[in-house]
Amino acid sequence: VELHVSLRGRRDLAGQIYQQVRSVIVDGRLQPGQALPPSRELADRLAVSRTTVSAAYDRLSAEGYVAGRVGAGTFVAPALPVDPPVPRADAHRPSSGPLRPRPEFAGLQLRADLSAVRPAYDLRPGMPDARLFPYQTWRRLMSDQLRTTAVGAGAYGAPTGLPELRGALARHVGVSRAVRASADDVLVTNGFQQAVDLVARVVVRPGDVVAVEDPGYAPPAMLFRSLGARVAGVPVDAEGLVVDALPAAARLVLVTPSHQFPLGVRMSEARRGQLLDWARQRNAVLVEDDYDSEFRFAGRPLDTLHAMDRDGRVVYVSSLSKVMLPTLRLGFCVAPPSLRDALEAAKFTTDWHTALPTQAALARFVSDGTLDRHIRRMRGVYAERHRVVGEALDGRLAPWLRPVHSPAGLHVTALLRSGSVPHERAVVRRARALGVAVPGLSESAVRAPRAGLVLGLGMTPVERLPAALDRLRNALAESRP
Ligand SMILES: Cc1ncc(COP(=O)(O)O)c(C=O)c1O
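All of these numbers come straight from a predicted model, not from anything done at the bench.

Overview of the packing of helix 7 (residues 191–203) against helix 11 (residues 337–351)
At step 1: Following both chains from N to C, one finds helix 7 and helix 11 inclined at 115 degrees, their axes separated by 9 Å at the closest point. The handedness of the crossing between helix 7 and helix 11 is right-handed. Where helix 7 abuts helix 11, its residues Q194, D197, L198, V199, R201, V202 and V203 lie against L339, A342, L343, A346, K347, T350 and D351.

Looking at the packing of aromatic side chains
Describing an aromatic ring pair means giving the distance of the ring centres and the angle of the ring planes.
At step 1: Within this structure, the stated rule accounts for ten aromatic pairs.
At step 2: Ring geometry for F133 against W138: centres 6.4 Å apart, planes inclined by 70 degrees, an arrangement best described as edge-to-face.
At step 3: Look at F133 and you get buried, because its relative accessible area is 5%.
At step 4: The exposure class assigned to W138 is buried, which follows from its relative accessible area of 8%.
At step 5: Summarising the aromatic geometry, the rings of Y217 and F261 are spaced 5.7 Å apart at their centres and angled 80 degrees between planes, so their arrangement reads as edge-to-face. Taken together, the positions of Y217 in the loop between strand 5 (209–214) and helix 8 (218–226) and F261 in the loop between strand 8 (250–255) and helix 9 (269–282) put the pair 44 residues apart, joining distant regions of the chain.
At step 6: Taking the relative accessible area as the measure of exposure, F261 reaches 13% and is therefore buried.
At step 7: Chaining the aromatic ring pairs together yields one cluster made of F133, Y135, W138 and F365.

Let's talk about the packing of helix 7 against helix 8
A packed helix pair is summarised by two numbers, namely the angle formed by the two axes and the spacing between the axes.
At step 1: Running from N to C, helix 7 and helix 8 point in directions that differ by 30 degrees, and their axes come no closer than 10 Å. Viewed along their axes, helix 7 and helix 8 adopt a mutual orientation that is roughly parallel. Where helix 7 crosses over helix 8, the two elements pack in a sense that is right-handed. Two secondary-structure elements touch here, helix 7 through F192, Q193, V196, D197 and A200 and helix 8 through P219, P220, L223 and F224.
At step 2: Per-class residue counts for the contact of helix 7 with helix 8 are seven nonpolar, one polar and one charged.

Comments concerning the side chain of D197
At step 1: With respect to the secondary-structure elements, D197 resides in helix 7.
At step 2: What makes D197 buried here is its relative accessible area of 10%.
At step 3: Sequence-distant contacts of D197, defined by excluding residues within four places in its chain, comprise L223, L227 and T350.

Focus: the pattern of salt bridges
At step 1: Throughout the structure, instances matching the rule amount to 21 salt bridges.
At step 2: The shortest N-O distance in the salt bridge between R59 and E63 comes to 3.4 Å.
At step 3: On the basis of relative accessibility, which here comes to 32%, the residue E63 falls in the partly exposed class.
At step 4: R271 is the partner of D237 in a salt bridge, and the nearest nitrogen-oxygen pair spans 3.0 Å. In this pair, D237 sits in strand 6 (residues 230–237) while R271 sits in helix 9, placing the two residues 34 residues apart along the sequence.
At step 5: Residue D237 is classed as partly exposed on the basis of its relative accessible area, which comes to 31%.

About the thresholds
Throughout, residues of each chain are indexed from 1 in the direction in which the sequence is written. Residue-level local features of this predicted model are given only where pLDDT is at least 70; pairs of side-chain atoms are given and counted only at 80 or more, and the full residue set underlies all totals for whole chains, interfaces and linings. The side-chain values count all of the structure's non-hydrogen atoms but skip hydrogen atoms and water molecules. To obtain each axis, a line is fitted to C-alpha atoms, and for helices this fit is confined to the stretch in contact; angles are then taken between N-to-C directions over 0 to 180 degrees. Starting at the N terminus, helices and strands are each numbered in turn, a helix being any DSSP run of H or I of at least four residues and a strand any DSSP run of E of at least two. Helix crossings are classified by the rotation of the near helix relative to the far one: an anticlockwise turn of less than a right angle makes the crossing left-handed, while a clockwise turn makes it right-handed. When checking whether two residues touch, look at their non-hydrogen atoms; a contact exists if any pair is within 4.5 Å. Here the aromatic set is Phe, Tyr and Trp, taking the six-membered ring for Trp, and pairing holds for ring centres within 6.5 Å; pairs whose planes are under 30 degrees apart are stacked, those over 60 apart are edge-to-face, and all others are tilted. When accessible area is computed with a 1.4 Å probe and restricted to protein chains, residues below 20% of their type maximum are described as buried, those above 50% as exposed, and intermediate ones as partly exposed. Any angle from 65 to 115 degrees is called roughly perpendicular, while one under 35 is roughly parallel, one over 145 is roughly antiparallel, and all others are oblique. Amino acid classes used here: Ala, Val, Leu, Ile, Met, Phe, Trp, Tyr, Cys and Pro are nonpolar; Asp, Glu, Lys and Arg are charged; the rest, including Gly, are polar. Each reported salt bridge corresponds to a side-chain nitrogen of Lys or Arg within 4 Å of a carboxyl oxygen of Asp or Glu.

What follows is the structure, encoded as structure tokens:
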């Protein structure tokens, strides 16, 4: 490691070096066994004599902080002479420093590290089955990109994305979702969330009203608030977002028409037409979140809002989080021509472009048919899980839960017959105690919480589902309405 030491003046230089290296060891930034820079190198870098650095290292060694190995250098000792100091309780309290973030960033409820939780039975929604991802193919495609010949000069690329990837994605959504797009219409992003960020940056001003579904997927609403927008939750019924309940001033409306998150309903054709008319009259932007529509197990899919749009006000956003892996942070949008230059500029000013080796690997993954094959395989896997969960909801879970029937997607939602949010919380807590992770529907509320459970199909193999659902039944039976 290039250890940072800064010297002030010319007094007690050895003492200053000793103090700084000691504090790096004591607070754990340098771990036991890690090497200190060779004394000659550090002396050169700090423009001091080697004797000065050696004096500091000798003192650290005498006190047991470091150990030297002849010819090998100086290393942090395996066992430190004193316990590291206990961090001050208020060290991370927002009030403990002089700097203040904008108020929009105070109190945002962030997601925990979802990978850190490993329940015995995982019914959390929104995550695909990562165990079945074609790692071998992806590894080969990625390693092909990490060669001098592929990387070339290592220069920055175009903000919109690699041309071959934009073309491959345009063909992919053209076939699978009948979204009419050419390569020029596609902007490659770091997941759905970044696409929404870019759209909001270019069309939403602080103070504008942005409408989201209630219940809905929380991260975009947090994003809009952080940009200074006022977020309005709009109810969802059996036909999808209730267009009549949209606030007249909404500048942007975010919807999940194919598979409402989290209720699971599909927006009816009539409602889609009504929403497009509404947006035309109000000159609003519609953002279509098509996050898991590839997983349709029965019935005919409806056209996307994008395909019904006649005057260029729908931004279609797709994520690769469900069909590949959420950890790759990949997504893209198809935007109307009037927003394209601004979105390109927003992407450039935000992070210039999405990682090029990953984009090149994805281009091959899509164009050689691997993505389609993986989706087809996973559709079969999830259809089976969907059937097992559906049978349980119509059978042993029916005394407590009323399912929202939906032939699509990576989760199934069921309303609690008791209608009680405290009951839902008790069920979720009891389920957790029995080893089952499942979120309550009320956790997705913007304003009007409804009681229910959102059962994810991605994380639990079909052979473990019956045991998970039995435990859930016990949690329901043991929790008072
Ligand atoms: C409704 C909805 N939209 C989009 C996404 C995907 O977001 P991203 O591409 O940022 O992972 C998710 C993931 O959970 C989701 O539930």
